[in-house]
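Fold and geometry: a report
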Amino acid sequence: MSTVTKQKRAVAINPTRSCAPIGAMLATYGVHGALTINHGSQGCATYPRHQMARHFREPIEVATTSLTEKTTIYGGRDNLIAAMENVYERYHPTMITVCSTCLSETIGDDITGIVDEFIEGHPDVDIPIITVNTPSYIGTHITGFDNFLKTVAVDFPVKDKPNGKVNIMPGWVNPGDIREIEAMTRKMGIEGIFLTDYSDTLDGGIYRPKPQFPKGGTTIEELRDSANSLATIALQKHVGGEAAEIYEKQYGIPAYTLPMPIGIENTDKFIKTLSKVTGREISEELRDERARLLDAIIDAHMFLTSLKVAIFGDPDVVEGLVRLAAEIGLEPKFALTSSDFKPWGEDMMKLSDELGLDMEIMMKSDLHELYKKIKEEPVDLIFGTSKGRFIEEDLDIPLIRMGFPIEDRFGYHRRAIVGYRGGIYLVDKITNAVLAKKGLVVSNTLLEKPVEGAD
Ligand code: SF4
């Protein structure tokens with residue numbers, strides 16, 4: 001029987017969360033030619049930029065209003081007006097996202113009012129400027145992304161004739177995941193509007209001459225046209241679920257909020273939903289990919305069955321990984337997220353009951369808490385971000401890296417963990433970690449320790 005626990009300690013030690021503006025920045029990167037102005041101190045732009053650059057291995061451009069002691073007391077209006085003028089004149093972006101920070105929210109700057117004032121005083125400015133509230137004391141990086149999507153759902157769509165497309169909100173994933181979701185929709189002959197698509201903008205190539213903005217991203221026209229799609233599919237409940245409902249209520253487009261398509265069953269749900277809303281058959285190619293994932297699971301079961309695993313990260317990622325772990329025979333013992341979303345705890349309990357698990361569901365928790373738990377009740381594997389490396393090193397437990405951020409390894413942002421092919425990648429990776437840890441395999445027999453005297 002599983003239980004839901006919440007950390008009581010007020011201070012966080014080795015937290016898994018990032019600050020909220022980074023979510024709005026990441027989502028803005030998915031709109032072609034868009035730029036973010038971070039309304040706060042320089043550090044509020046620098047910290048997210050560094051974290052994104054270390055994970056995506058791309059230069060990250062974000063403007064800042066550079067609030068100081070003086071503007072903290074007298075307000076940041078002038079800085080924000082100057083920032084919008086500079087960004088518009090120098091870069092000519094397709095859109096500006098102004099996101100708030102702990103500082104600008106605490107001093108009470110009326111950001112929407114300042115933006116309106118700027119637009120009124122600059123009739124020549126012909127691009128959308130949106131504001132997203134991202135104080136980090138309310139929510140995490142997930143909340144910042146989610147708030148961006150809700151703003152887009154309200155501000156952009158324009159009802160016109162049906163476009164036959166499907167709105168897809170991948171949520172907080174990697175460029176490799178977005179590519180995989182795009183590939184799956186293409187294999188069904190479906191065109192998607194991705195809200196938003198940072199697959200190329202954050203995993204791009206080198207081009208000469210260097211384009212002013214990275215190639216790729218959802219266009220402003222697509223954002224406007226998203227009111228005319230057949231349906232909206234949110235692939236993360238906590239990043240896009242509410243925005244999908246706005247599409248349903250305001251534009252009459254059916255909303256489907258699905259679990260992140262990790263593993264067989266969750267990917268099946270996505271594919272079946274695509275088929276249902278478009279009337280398209282599930283393609284032979286996708287059926288073959290599914291069959292290969294099933295085969296990989298069967299081949300790996302002798303190495304994985306009954307191993308215990310601790311999983312941490314963003315709520316939807318953890319939920320997807322728990323199901324995948326159960327599908328491949330592992331026993332999830334701890335599932336941890338830093339967020340305090342009550343529905344997540346309830347959903348995880350339902351999932352646990354369905355899968356017959358006995359695990360501790362840890363909400364609003366940090367990795368020090370997980371470290372203490374694992375010391376008392378050891379596990380064989382950990383799934384999570386680079387932040388788990390201290391547990392990996394101290395307790396000598398393999399950490400299978402996934403999620404955001406991965407800063408101590410290279411190229412993970414290009415890997416997909418979603419879809420059938422992402423599932424195969426995960427099965428291979430997890431199985432190889434087990435084999436590397438446990439020792440020799442001789443004639444398909446797994447030995448706990450290397451044979452003495454063997455070469
Ligand atoms: S002050 Fe708030 S918004 Fe700024 S970097 Fe820190 S957590 Fe992020």
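Treat the numbers as computed from the prediction; the structure is a model and nothing was measured.

1. Focus on the side chain of S339
You can see S339 is positioned in the loop between β11 (331-336) and α14 (342-355). With residues near it in sequence (within four places) discarded, S339 still touches T140, P315, M363 and K364.

2. What to know about the domain arrangement of the chain
Segmentation of the chain into domains returns domain 1 (3-12 + 285-442), domain 2 (21-139) and domain 3 (166-283). On a C-alpha basis, the centres of domain 2 and domain 3 stand 25 Å from each other. Here domain 2 and domain 3 share an interface that buries about 1600 Å² over both sides, 67% of which is from carbon and sulfur atoms. At the boundary of domain 2 with domain 3, the tally comes to 0 salt bridges. Taken together, domain 2 and domain 3 are joined by 10 residue pairs in polar contact (both at pLDDT 80 or more). When residues in the side of domain 2 that touches domain 3 are grouped by element, the largest group, 5 residues, is from helix α1 (residues 21-29). Split by residue class, the side of domain 2 that touches domain 3 holds 13 nonpolar, 7 polar and 2 charged.

3. Some thoughts on the nonpolar core
The biggest cluster of nonpolar side chains holds 101 residues, and the ones touching the most others in it are F270, L330, F383 and I430. Counting residues per element, this core draws most heavily on helix α17 (residues 419-438), at 7 residues. When neighbours within four sequence positions are excluded, F383 is seen to be in contact with V309, A310, I311, F312, L321, A325, L330, L399, I400, M402 and I430. I37, I81, V115 and V125 belong to the second largest nonpolar core, which has 18 residues in total.

Thresholds applied
- Residues numbered from 1 in each chain as written.
- Predicted model: local features only at pLDDT ≥ 70, side-chain atom pairs only at ≥ 80, totals over all residues.
- Heavy atoms only, no water.
- Helix = DSSP H or I, 4+ residues; strand = E, 2+ residues; numbered from the N terminus.
- Contact = heavy atoms within 4.5 Å.
- Domains from an automatic or database assignment.
- Buried area = accessible area lost by both parts, 1.4 Å probe.
- Salt bridge = Lys/Arg side-chain N within 4 Å of Asp/Glu carboxyl O.
- Polar contact = N/O pair within 3.5 Å; in protein donor to acceptor, adjacent residues only side chain to side chain.
- Nonpolar A, V, L, I, M, F, W, Y, C, P; charged D, E, K, R; others polar.
- Core = buried A, V, L, I, M, F, W, Y, C linked by side-chain atoms within 4.5 Å.
- Buried < 20%, exposed > 50% of the residue type's maximum accessible area, 1.4 Å probe, protein only.

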